[in-house]
Amino acid sequence: MAQKTPGVVAAGHAQTAAAGRIILEQGGNAFDAAIACVLAACVVESTLTSLGGGGFMLAHTAQRKNYLFDFFCQTPQRPLSLEEVDFYPVTLNFGGALQTFHIGKGAIAVPGMVAGIFAVHQQLGRLPFKVLIEPAVQYARQGFVLNEFNAFTYRLLAPILRRDSEAETFYAPNGQLLRPGQQARLPQFADVLEQLARYGPQWFYQGDLAHWALASLQDGGALNAVDWSEYDVNLRQPLQVSYHQYQILTNPPPSSGGILIAFALKLLESFNLADYPLGSPAQIQLFSRVMALTNQARQQDLDGSLYQADIEHQFLNGATSGGFLGDRPLNKLGSTTHISVLDGEGNAASLTSSNGEGSGHLIPGTGIMFNNMLGEADL
């Protein structure tokens, strides 16, 4: 029996985290555990992430090497008119705030999740991939119990989850959305995971799975076989910024999330956080203000410029040049799920994955939810 790897796992669902713990106990490293976690999340957090979505992994190795694996979804190469695609608005109620998204087969991008986790596994993993799928296969085939957050996302996304008969069969059997305490199963997805472990990513992007997906998207979708087969993972150098005496590694442009975190930290350097007790109204007010200012700076100086050379330094310089100390309204951001793993060997993995802004079209016979939600800001 392999020696256990000491470590710690944080995730958005108890069973997602448990999958990582199982892999560490079998001798896997932090990267193996993160892969097992995200595969498990595709089952127990399917409204937030899926093999039909994409994501990023920030990796720090025991040898002190840093990598950013960018496997976010890729939009179709061929432009189509709105009249040619299945693409329409749907309004969701976020509890007092209504937000319009555009969904349908025409909103689906090429998923990067499968390519990404295989790229991470090939470069940094230790255990066989067939071992890493086992927790997710067990959850999908034997079932998992829904928690309160599962049920909340089902209710929130009901107009999307119930638009396809395949999806409704899972999320609303017998015409009623699943509720906390009920058990759910995804046996078709368990089969897909086993095929993926047997045949690798080529099966997903060029083999039977790709053929099934493209056939399902034929009427109203924008993707074609070239889009699917030419998907590639981008390996980038992480963005490195200082915060007091610490060095922070985060996601670089053209992703906006990492540079926005860095901007917020730069703003927070102006304050002595010892004067803001943890959880106090003063601290909450400060953090809310910083988040609002960061969002304002994004709209003013970052949107539309993420592919500009040296944009990270220009944007971050704005955080220390003044002009961002006024109050601004705070806008809501979309949801993803996040996984963090540290192991006793000195490896660290931070993985963010999503279905875009939610989940949508379920490819018949696969149990995979494909990204098909675009917010108004994405249009």
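It should be noted that the structure appears before, not after, this text.
Residues numbered from 1 in each chain as written. Predicted model: local features only at pLDDT ≥ 70, side-chain atom pairs only at ≥ 80, totals over all residues. Heavy atoms only, no water.

**Remarks on the pairing of strand E10 (residues 246-250)**
For a regular strand, side chains alternate in direction, first toward one face of the sheet and then toward the other.
Next, step 1: Where strand E9 (residues 239-243) lies against E10, five bridges are found, and the strand directions are antiparallel. Of the residues in E10, the one forming a bridge with serine 242 is glutamine 247.
Next, step 2: In textbook terms, the turn of a hairpin is the stretch between consecutive antiparallel strands, and for E9 and E10 this stretch comprises two residues, one of which, histidine 244, has a positive phi near 55 degrees. (Pairing = 2+ DSSP bridges. Helix = DSSP H or I, 4+ residues; strand = E, 2+ residues; numbered from the N terminus.)

**As for the pattern of salt bridges**
Next, step 1: Enumeration over the complete set of coordinates arrives at eight salt bridges.
Next, step 2: A salt bridge links glutamate 25 to arginine 21, with the nearest nitrogen and oxygen atoms 3.2 Å apart. Taken together, the residues glutamate 25 and arginine 21, both in helix H1 (residues 14-25) and four residues apart, mark about one turn of the helix.
Next, step 3: Judged by its relative accessible area of 42%, arginine 21 falls in the partly exposed class.
Next, step 4: For arginine 298, the salt bridge is made with aspartate 303, and the minimal N-O distance between the two is 3.3 Å.
Next, step 5: The class of arginine 298 is partly exposed, set by a relative accessible area of 23%.
Next, step 6: Linked through salt bridges whose partners overlap, the residues forming this network are Arg141, Asp191 and Glu194. (Salt bridge = Lys/Arg side-chain N within 4 Å of Asp/Glu carboxyl O. Buried < 20%, exposed > 50% of the residue type's maximum accessible area, 1.4 Å probe, protein only.)

**Some thoughts on the packing of aromatic side chains**
Next, step 1: Scanning the model with the defined rule gives 12 aromatic pairs in all.
Next, step 2: Centroid distance phenylalanine 204 to tyrosine 205: 4.9 Å. Interplanar angle 65 degrees. Geometry classified as edge-to-face. Residue phenylalanine 204 shares its accessibility class with tyrosine 205, and that shared class is buried.
Next, step 3: The rings of Phe204, Tyr205, Trp228 and Tyr231 are connected pair by pair, giving a single aromatic cluster. (Phe/Tyr/Trp six-rings, centres within 6.5 Å; stacked < 30°, edge-to-face > 60°.)

**Structural notes on the side chain of asparagine 347**
Next, step 1: With respect to the helices and strands, the residue asparagine 347 is situated in the loop between strand E11 (337-343) and strand E12 (348-354).
Next, step 2: For asparagine 347, a relative accessible area of 7% puts it in the buried group.
Next, step 3: There is a polar contact of 2.8 Å between the side chain of asparagine 347 and the backbone nitrogen of alanine 62. (Polar contact = N/O pair within 3.5 Å; in protein donor to acceptor, adjacent residues only side chain to side chain.)

**Points about helix H13 (residues 257-268)**
Next, step 1: Compared with an ideal rise of 1.5 Å per residue, which puts 12 residues at 16 Å, H13 spans 17 Å between its outermost C-alpha atoms and is within 8% of the ideal.
Next, step 2: Among the 12 residues of H13, 10 are classified as buried, and the element is accordingly described as predominantly covered.
Next, step 3: Of all the residues in H13, the buried ones are Gly258, Ile259, Leu260, Ala262, Phe263, Ala264, Leu265, Lys266, Leu267 and Leu268.
Next, step 4: For H13, the secondary structure elements touched by its buried residues are E9, E10, helix H14 (281-302) and helix H15 (311-317). (Expected span 1.5 Å × (residues − 1). Contact = heavy atoms within 4.5 Å.)

**A word on the environment of glycine 52**
Next, step 1: For glycine 52, the location among the structural elements is in the loop between helix H2 (30-44) and strand E2 (54-60).
Next, step 2: With 59 residues separating them in the primary sequence, glycine 52 and proline 111 have C-alpha atoms 5.0 Å apart.

**Points about the pairing of strand E5 (residues 98-103)**
Next, step 1: Bridge count between strand E4 (residues 88-93) and E5: six bridges; the pairing is antiparallel. By the bridge assignment, tyrosine 88 is partnered in E5 with isoleucine 103.
Next, step 2: Here E4 hands over to E5 after four residues, with glycine 95 in that stretch at a positive phi of 80 degrees.

**Quick look at H14**
Next, step 1: Along its 22 residues, H14 runs 30 Å from first to last C-alpha, staying within 8% of the 32 Å computed at 1.5 Å per residue.
Next, step 2: Residues of H14 that are buried include every one of Gln283, Leu286, Val290, Ala292, Leu293, Thr294, Asn295, Ala297 and Leu302, and no others.
Next, step 3: In this fold, the buried residues of H14 make contact with H13 and H15.

**Some points on the sheet that holds strand E1 (residues 7-10)**
Within a sheet, adjacent strands bond to each other through the backbone by hydrogen bonds, running parallel or antiparallel.
Next, step 1: Read across the sheet, six strands follow the order E1-E11-E12-E2-E3-E8 without closing on themselves; strand pairing throughout is antiparallel. In the strand order of this sheet, the two ends are held by E1 and strand E8 (234-236), each with one partner. Going from strand to strand, the sheet's axes swing by 10 degrees on average, the running direction of each strand aside.
Next, step 2: Helix-sheet contacts for helix H3 (residues 113-124) involve E2, strand E3 (66-71), E8 and E12, and the interaxial angle to E3 is about 155 degrees. (Axes fitted to C-alpha atoms, helices over the stretch in contact; angles between N-to-C directions.)

**Structural notes on unusual backbone geometry**
Next, step 1: In the segment running from proline 253 into proline 254, the intervening peptide bond is cis, with an omega of 15 degrees.
Next, step 2: Look at arginine 64: it is not a glycine, yet its phi comes out positive at around 65 degrees.
Next, step 3: The phi angle at asparagine 174 is positive, at roughly 60 degrees, despite the residue not being glycine.

**Comments concerning the packing of H2 against helix H5 (residues 134-142)**
Next, step 1: Where H2 meets H5, the closest approach of the two axes is 7 Å, and the angle between their N-to-C directions is 15 degrees. With respect to their mutual orientation, H2 and H5 come out roughly parallel. Crossing hand, H2 versus H5: right-handed. On H5, the residues that touch Leu39, Ala40, Val43 and Val44 of H2 are Ala136, Tyr139 and Ala140.
Next, step 2: A class-by-class count of the residues in the contact of H2 with H5 yields seven nonpolar, no polar and no charged. (Parallel < 35°, antiparallel > 145°, perpendicular 65-115°, else oblique. Left-handed = near helix turned anticlockwise from the far one by under 90°. Nonpolar A, V, L, I, M, F, W, Y, C, P; charged D, E, K, R; others polar.)

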